[in-house]
Amino acid sequence: MSYQWLEWAKKIQALSQAGLTFSKDIYDIERYEELRNISAEIMSQHTELEMTKIKDLFTNETGYQTPKVDVRGVVFKNNQILMVKENIDNKWALPGGFCDIGLSPSENVVKEIKEESGYDVMPVRLLALFDKNKHQHPPEPYHYYKIFILCEIIGGEATIGIETNNVQFFSQHNLPPLSTNRNTMAQIDILFEFLRTPEKKTLFD
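Here the focus is the overall build of the protein. Across its full length, the protein carries 5 helices and 8 strands. Taken from N to C terminus, the helices and strands of the protein fall in the order α-α-α-β-β-β-β-α-β-β-β-α-β. Overall, the protein is about 60 × 35 × 35 Å in size when its C-alpha atoms are taken along their principal axes. Residues counted as buried form 38% of the 205 residues belonging to the protein. In the structure as shown, the protein presents an accessible area of about 11600 Å², 53% of it carried by carbon and sulfur atoms. Between the averaged position of the 22 positive side-chain charges in the protein and that of its 29 negative side-chain charges there is a distance of 4 Å.

On to the environment of Ser23. Relative to the elements of secondary structure, Ser23 occurs in the loop between α1 (4–22) and α2 (26–46). Residue Ser23 is classed as buried on the basis of its relative accessible area of 16%. From its side chain, Ser23 meets the backbone oxygen of Gly19 in a polar contact 2.7 Å long.

Before going further, it helps to examine unusual backbone geometry. Excluding glycine, a negative phi dihedral is what most residues carry, and trans is how most peptide bonds are arranged. If you check the backbone angles, Asn79 has positive phi at about 65° while not being a glycine. Here Asn79 is to be found in the loop between β1 (68–77) and β2 (80–86). Residue class for Asn79 comes out exposed when judged on its relative accessible area of 57%. One non-glycine residue with positive phi stands out, namely Asn90, at about 60°.

For the structure shown, the criterion picks out 11 salt bridges. Arg31 is paired through a salt bridge with Asp28; the nearest N and O atoms lie 2.8 Å apart. With Arg31 and Asp28 both in helix α2 and 3 residues apart, the pair spans about one turn of that helix. Relative accessible area serves as the criterion here: at 51%, Arg31 is assigned to the exposed category. The class of Asp28 is partly exposed, set by a relative accessible area of 32%. Across the pair Lys146 and Asp70 runs a salt bridge whose closest N-O atoms are separated by 2.5 Å.

Parameters and conventions
Residues numbered from 1 in each chain as written. Predicted model: local features only at pLDDT ≥ 70, side-chain atom pairs only at ≥ 80, totals over all residues. Heavy atoms only, no water. Helix = DSSP H or I, 4+ residues; strand = E, 2+ residues; numbered from the N terminus. Buried < 20%, exposed > 50% of the residue type's maximum accessible area, 1.4 Å probe, protein only. Areas by Shrake-Rupley, 256 points an atom, 1.4 Å probe, with all protein chains shown as cover. Lys, Arg positive; Asp, Glu negative; His and termini not counted. Charge placed at Lys NZ, Arg CZ, Asp CG, Glu CD. Polar contact = N/O pair within 3.5 Å; in protein donor to acceptor, adjacent residues only side chain to side chain. Salt bridge = Lys/Arg side-chain N within 4 Å of Asp/Glu carboxyl O.

What follows is the structure, encoded as structure tokens:
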């Protein structure tokens with residue numbers, strides 16, 4: 001299925017937001033606000049979201065628009081990978097989430113793994129930095145970069161968090177239903193390649 005309409009809507013939104021950030025002329029500001037409304041109308045026509053909800057999402061964004069950053073922890077144990085079951089869709093993902101301001105990517109992944117799985121970890125290596133648009137994720141209104149960081153368990157125990165309801169390790173060929181907004185089967189397969197080949201080079205895009 002083609003989602004070209006989504007790419008157009010996101011580009012119009014990004015351009016309008018940049019214009020609203022830097023423009024001083026009142027007439028230019030009006031034009032950029034109209035562009036933002038057009039992008040919201042496109043989203044509304046092709047999704048089940050209401051216009052008011054879409055406008056709230058878009059108007060909450062200020063400043064020059066850049067990709068959002070999502071970090072995921074990659075933790076192996078006995079040739080299995082750590083996953084948590086998300087409350088939001090009752091499917092499984094690598095522990096992680098949006099990067100918080102004030103924390104580095106490695107500090108974020110330590111925090112997310114602890115909150116979602118109960119384990120204390122030490123970041124070891126950056127495995128991949130992926131552009132979400134270049135992978136088979138469901139379409140979304142925003143552009144994301146995804147950071148995958150290899151971590152080692154140094155303490156703690158399996159404990160569910162506020163956003164999770166189960167914590168388990170899975171082998172590559174016995175994976176549960178995945179939360180594909182967060183990680184895809186192809187990405188999990190790539191991460192297991194790092195387990196088999198530790199010298200594998202960091203991947204990007």
